[in-house]
Every structure is written in structure tokens, then in C-alpha cells.
Amino acid sequence: MQSLLVNHYIILATILFTIGVLGVLIRRNAIIVFMCIELMLNAVNLLLVTFSAMHNEAGGQVFVFFIMAVAAAEVAVGLAILVMIYRNVRSVDINRLNRIRW
Amino acid sequence: MSTPADYLPIAMMFVVASGFVLFTIFVTHLLGPRRKTEVKLEPFECGIESQENARMPFSIKYFLVAILFVLFDVEIIFMYPWAVNFKDMGMFGFVEMLIFLSLFLVGFTYIIRRGALKWE
Amino acid sequence: MTLPIFYILAMLSVFCALMVVVARKPVHSVLYLIACFFTIAGHYLMLNAQFLFAVHIIVYAGAIMVLFLFVIMLLNLNLESEPRKSVIARVAAVSTAGLLFLVLLAAVKSAEPVILDTSASGVGLVRHVGLKLYNEYMMPFEVSALLFLTAMVGAVKLGRKEATHS
């Protein structure tokens with residue numbers, strides 16, 4: 001019987017990352033673009049945890065922990081900015097956000 | 001030491017719990033009588049008449065509280081591994097956490113001073 | 001034993017991730033992303049990262065995605081149908097993503113297979129991750145508090161500006 005390889009997880013993380021890139025490129029709703037960035041972060045997290053398990057080393061998991069903390073701060077400020085943009089422009093369509101001025 | 005197999009009971013519990021919910025929803029649709037009068041189809045809101053679309057826009061004040069919740073939520077999560085290792089790390093870990101928390105306290109006083117949590 | 005579980009979880013992850021991109025309504029996208037995060041949490045459990053499993057569910061599914069849902073409700077985007085990008089832009093996006101995938105896959109292909117040992121290991125337990133975090137990674141830990149301080153100030157500034165206007 002075939003056993004679970006590290007390569008399986010690398011390919012899975014690659015697929016998830018690519019889907020995130022695709023979402024960023026193809027969608028126009030800024031919130032969904034933001035969510036796809038979260039997806040990409042998670043793909044990288046999965047990879048780090050895989051290598052942490054491979055080397056039996058907790059360092060990678062600490063990194064993932066920090067990425068999660070940074071993601072939380074990033075989402076908090078990013079969504080606040082998005083809400084402000086919506087209040088001023090009445091839209092979160094990134095094609096219409098190309099001329100944000102003060 | 002623990003292996004993924006140790007979590008099998010939890011996974012089984014999830015399967016049984018969601019299976020029960022799906023089962024009951026499905027069976028009540030199958031067995032229950034169908035009376036589709038207007039009153040029956042109305043959403044139930046504890047006897048109060050329903051007002052408008054459930055997804056109506058609401059005040060931005062809730063949003064600020066939600067953002068601050070996320071930030072302090074992560075702070076608390078940082079304290080779990082610290083609490084588990086509290087005795088091993090002794091004074092060093094304590095001072096470390098004190099610096100961390102004092103920085104958060106600065107932010108907290110800022111939030112209070114700015115009246116961000118005030119609910120007029 | 002672990003390989004079938006991996007395949008099931010991986011298929012669910014990829015399916016949910018694709019639905020995030022494909023779904024028309026933003027609320028559906030958020031719900032699919034939450035489902036995707038739960039499957040990724042399942043992967044963490046398989047990789048013996050029990051602490052990260054809990055943190056992932058609490059932070060991502062419990063806090064971040066709720067915030068996303070909140071914003072979508074706040075902006076009342078559920079009825080607004082999002083206009084699509086032009087055909088050329090979409091073709092370009094898909095081909096760019098496809099090429100990126102091929103490049104990454106080509107890089108992985110030359111790697112020799114390593115068997116992943118998912119048997120008993122205490123690496124992912126709260127105790128071990130915590131020891132590493134509070135000894136070796138002490139500096140990033142303290143700096144992250146500064147980051148949160150900035151995030152708090154930024155969020156309060158951005159959130160309060162509206163109230164002073166009206």
C-alpha cells in the first residue's frame with residue numbers, strides 16, 4: 001500500500017495557492033480578493049506545517065502561529081479600510097477603485 | 001504523545017452529530033404534514049412581526065467592536081502556550097508576558113480614551 | 001490508512017477553495033472559505049499539529065471569517081451582482097494562474113519523494129510549541145504585540161472617522 005508522502009502535501013498547497021492567485025486575478029469584489037489572499041496564506045501555512053512534521057521540529061509551527069496572528073491584524077485593518085472605502089465610494093469593485101484620492 | 005488516530009472518536013462524534021441533524025431535518029420533511037399557508041411560511045421571530053430582509057445594513061459601531069474582538073482574541077491565544085509552560089519558564093516567561101501585555105494595555109487605554117467602545 | 005483520509009480531505013479543500021472563487025454571492029464565498037479552513041484544520045490534525053488545529057479554528061473560522069461575514073452584511077452586498085471582468089482579462093487571469101501552477105509543479109516534480117511519518121509525535125503539542133515560542137522566538141513575539149498595537153490604533157482611527165463626520 002502506498003504511503004503518505006510529503007510531496008502530496010506540497011502539491012495540495014500548490015493547488016490551493018494557485019486557486020488563491022486565480023481568485024485575486026479574476027474577481028472584482030475587493031472582499032473576495034481579500035479572502036483569496038487569506039487562502040494563499042493558508043496554503044503557505046499548510047506547507048510550513050508539513051515541513052515541520054517532516055523534520056519533527058516545532059519551529060515551522062511557531063512560524064504558522066505568527067502568520068495567523070499577523071493575518072488577524074491585517075484583516076482587522078484591511079477590512080476597516082474597505083468599509084471606509086465603501087462609505088466614500090459606495091462600491092468595493094476594484095475596477096472602480098483605481099482613482100482613490102484624498 | 002498523540003497520533004491522529006486519537007482524534008478518531010471526535011471525528012466520529014462530529015459525523016454522528018451532523019448525521020443526526022441531517023437525519024431529523026430530512027425525516028421531518030418526509031413525515032410532517034405540509035400546510036403552506038402564508039402564516040406558516042413566515043419566519044418565526046418570537047411572535048414579533050418580521051420587518052424586512054434579514055440582511056439589512058446595520059450600524060458601523062458593531063463592526064469596530066468586532067475588529068477589536070479579533071485583536072484581543074489573538075492576544076488570549078498567545079497566552080495558552082504561555083500558561084502551559086508557566087512553571088518551566090519561571091520569572092523569564094513572566095517578564096516576557098508582562099511586556100507583551102503592557103503593550104496591549106497601552107492599546108486598550110487608547111481605545112477607552114478615544115471612546116471607541118462607548119455606546120451612545 | 002492515512003492516504004485515503006488525505007485524499008478525501010484534499011479533495012474537499014480544493015473543491016471549497018474553487019467554490020470561493022466561483023460562487024456568485026459573496027456570502028456563499030465566505031461560507032465556502034470557512035468550510036475550506038475546516039478541512040485545512042483537518043490536515044493540521046493529520047500532521048500532528050494539534051495546537052495549530054485549535055488555533056486555526058479559533059482564529060480563522062471563529063474570528064477572521066466572522067469579520068468577513070460581518071463586512072458583507074454591513075455593506076449589504078448580498079443582492080448586488082458583481083460585474084465580471086472582460087473576457088480578455090479572465091482568459092489572462094486563468095492562463096497566468098495555470099502557468100504559475102505549472103512552474104510550481106515542475107519545481108516539485110524534481111523533488112524526490114519523502115515518506116511523511118504521521119505516527120506519534122509530541123512536536124505539535126501546546127507545550128512544545130510554547131517552549132519554542134517563548135524561548136527561541138521571544139523577539140518576534142514581543143514585536144507582534146507592537147503590531148497589534150498599531151492594528152488597534154488603525155482600526156479605531158478608521159472606524160471612528162465616520163462618527164466625527166456625521
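Caption draft 1: The arrangement of the overall build of chain C in detail. Counting secondary structure elements, chain C contains six helices and zero strands. When the elements of chain C are put in sequence order from the N terminus, they spell out α-α-α-α-α-α. Taking 2.2 N^0.38 as the reference for a compact globule, 166 residues should give roughly 15 Å; the C-alpha atoms of chain C span a radius of gyration of 21 Å, well beyond that estimate. If you line up chain C on its principal axes, its C-alpha atoms span 60 × 45 × 25 Å.

Caption draft 2: How the structure looks around the overall build of chain B. Counting secondary structure elements, chain B contains four helices and zero strands. Going residue by residue from the N terminus, the α and β elements of chain B occur as α-α-α-α. Taken over 120 residues, chain B has a buried fraction of 17%.

Caption draft 3: Region of the structure containing the interface of chain A and chain B. Chain A puts seven residues into the contact, and the matching count from chain B is six residues. Looking at the side of chain A that touches chain B residue by residue, the class counts come to seven nonpolar, no polar and no charged.

Caption draft 4: Here's a closer look at unusual backbone geometry. Residues other than glycine seldom take positive phi values, yet Asn56 of chain A does so here, at roughly 55°. Tracing the backbone through its elements, the reader meets Asn56 of chain A in the loop between α2 (30-55) and α3 (59-89). The class of Asn56 of chain A is exposed, set by 11 C-beta atoms lying within 10 Å. One non-glycine residue, Asn48 of chain C, lies in positive phi territory at about 65°. Inspection of the secondary structure assignment puts Asn48 of chain C in the loop between α2 (26-46) and α3 (50-75).

Caption draft 5: Region of the structure containing the interface of chain C and chain A. In this complex, chain C contributes 71 residues to the contact, which on the side of chain A involves 63 residues. At the level of secondary structure, the elements contributing two or more residues to the side of chain C that touches chain A comprise α1 (2-22), α2, α3, α4 (87-109), α5 (126-135) and α6 (138-165) of chain C. The leading source of residues in the side of chain C that touches chain A is α3 of chain C, at twelve residues. In terms of residue class, the side of chain C that touches chain A is built from 51 nonpolar, 14 polar and six charged.

Caption draft 6: Highlighting the environment of Ala35 of chain C. Along the chain, the position of Ala35 of chain C falls in helix α2. For the pair Ala35 of chain C and Ala23 of chain C, spaced twelve residues apart in sequence, the C-alpha separation works out to 14 Å.

Caption draft 7: The packing of α2 of chain C against α3 of chain C, seen in detail. Residue and element names in this part refer to chain C. It is at 9 Å that the axes of α2 and α3 come closest, and there the two elements cross at 175°. Between α2 and α3, the angle falls in the class roughly antiparallel. Contact with α2, carried on its side by Pro26, Val27, Val30, Leu33, Ile34, Phe37, Phe38, Ile40, Ala41, Tyr44 and Leu45, involves Gln50, Leu52, Phe53, His56, Ile57, Tyr60, Ala61, Met65, Phe68, Leu69 and Ile72 of α3 and no other residues of that element. Looking at side-chain class alone, the contact of α2 with α3 contains 20 nonpolar, two polar and no charged residues.

Here is what the cut-offs are and how they apply
- Residues numbered from 1 in each chain as written.
- Chains lettered and ligands numbered in written order.
- Predicted model: local features only at pLDDT ≥ 70, side-chain atom pairs only at ≥ 80, totals over all residues.
- Helix = DSSP H or I, 4+ residues; strand = E, 2+ residues; numbered from the N terminus.
- Rg over C-alpha atoms; globule rule 2.2 N^0.38 Å.
- Buried ≥ 20, exposed ≤ 12 C-beta atoms within 10 Å, placed from the backbone.
- Contact = placed C-beta atoms within 7 Å.
- Nonpolar A, V, L, I, M, F, W, Y, C, P; charged D, E, K, R; others polar.
- Axes fitted to C-alpha atoms, helices over the stretch in contact; angles between N-to-C directions.
- Parallel < 35°, antiparallel > 145°, perpendicular 65-115°, else oblique.

Function-wise, these values are silent; they only describe arrangement.
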